[in-house]
Amino acid sequence: PQGPRATARVKVSNDGPVAGAEVVQLYVEAEGFPRSLCAFSRTTVLAPGEGSMVTLELPARSLASRYCTEKHAWQTPPAGASLRLEVGGSSADIRA
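From a predicted model like this one, the values you see are computed outputs, not experimental measurements.

A. Quick peek at the sheet that holds strand β2 (residues 23-30). Pairing within the open sheet is antiparallel, and its 3 strands lie in the order β3-β2-β7. Strands at the two margins of the open sheet, each flanked by one partner only, are β3 (36-42) and β7 (83-88). Each strand axis lies, on average, 20° off the axis of its neighbour in the sheet, ignoring direction.

Here it is, written out as structure tokens:
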């Protein structure tokens, strides 16, 4: 069962001089929880100056829970905790 899902749309453009593709990664971070990769998608090859809209689908569960390897159980952030969404080519290359 897929269950509820969230959708994020991100515009990606090739600002370089050479054609290439990009893997767009969406990370979620909640108060008290480490950042985690929740969705990713590869663009088509983009010519220099070309742009593309990337749609990332993620389970709603990935926005509100994390698996704790110490407790061997899913945990949710406390009520009212804020979520931070980050997009980039990798966890070290966050762009939005």
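Now that the structure is up, let's keep going.
B. The environment of S62, seen in detail. Secondary-structure assignment places S62 in helix α1 (residues 61-64). In this structure, the C-alpha to C-alpha distance between S62 and V28, residues 34 residues apart in sequence, is 7.8 Å.

C. Unusual backbone geometry, seen in detail. You will see that H72, though not glycine, has its phi angle at about 55°, which is positive. Among the secondary structure elements, H72 is positioned in the loop between β5 (66-68) and β6 (73-75).

D. Looking closely at the pattern of salt bridges. Applying the stated criterion to the full structure yields 4 salt bridges. A salt bridge links R95 to E22; the shortest N-O distance between them is 3.1 Å. Of this pair, R95 sits in the segment after β7 while E22 sits in the loop between β1 (5-13) and β2; the two residues are 73 residues apart in sequence, bridging distant segments of the chain. Overall, the relative accessible area of 24% leaves E22 in the partly exposed class. Between E86 and R35 there is a salt bridge; the shortest N-O distance is 2.8 Å.

E. Up close: the side chain of N14. Tracing the backbone shows N14 in the loop between β1 and β2. Filtering out sequence-adjacent residues up to four positions away, N14 remains in contact with A19, G20, L46, A47, P48, G49 and E50.

F. Representation of the pairing of strand β4 (residues 51-59) within the structure. Covered by surrounding structure in β4 are S52, V54, L56 and L58 only, the residues G51, M53, T55, E57 and P59 on the alternate face being uncovered. For β1 and β4, the ladder comprises 9 bridges, and the chain directions are antiparallel. Paired with A8 across the two strands is L56, which belongs to β4.

G. Quick peek at the environment of V23. Positionally, V23 belongs in strand β2. A residue is classified by how much of its surface remains accessible, and V23, at 26% relative accessible area, is partly exposed. Through-space distance from the C-alpha of V23 to that of T43 is 6.3 Å; in sequence the pair is 20 residues apart. With residues up to four places along the chain from it excluded, the contact list for V23 reads F40, S41, R42, G88 and G89.

H. Spotlight on the nonpolar core. The biggest cluster of nonpolar side chains holds 13 residues, and the ones touching the most others in it are V12, V24, L26 and L56. In this structure, L26 is in contact with A8, S36, L37, C38, A39, L56, L58, L85, E86 and V87, ignoring residues within four places of it in sequence.

Calculation criteria
Per chain, residues are indexed from 1 in the order of the written sequence. For a predicted model such as this one, the threshold for reporting local features is a pLDDT of at least 70, and the threshold for listing and counting side-chain atom pairs is 80 or more; totals across whole chains, interfaces and linings nevertheless cover every residue. As a convention, hydrogens and water are excluded, and side-chain values are obtained from all of the structure's heavy atoms. For two strands to count as paired, DSSP must find a minimum of two bridges between them. Secondary structure elements follow DSSP: runs of H or I of four or more residues count as helices, runs of E of two or more count as strands, with numbering from the N terminus. Angles run from 0 to 180 degrees between N-to-C directions of axes, and those axes are lines fitted to C-alpha atoms, restricted for helices to the stretch in contact. The working definition used for a salt bridge is a side-chain nitrogen of Lys or Arg within 4 Å of a carboxyl oxygen of Asp or Glu. Only protein chains enter the accessibility calculation, which uses a 1.4 Å probe; a residue whose area is less than 20% of its type maximum is buried, one above 50% is exposed, and one in between is partly exposed. Between two residues, a contact is recorded if the distance between any of their heavy atoms is within 4.5 Å. To form a nonpolar core, buried Ala, Val, Leu, Ile, Met, Phe, Trp, Tyr and Cys residues must be joined to one another through side-chain atoms within 4.5 Å.

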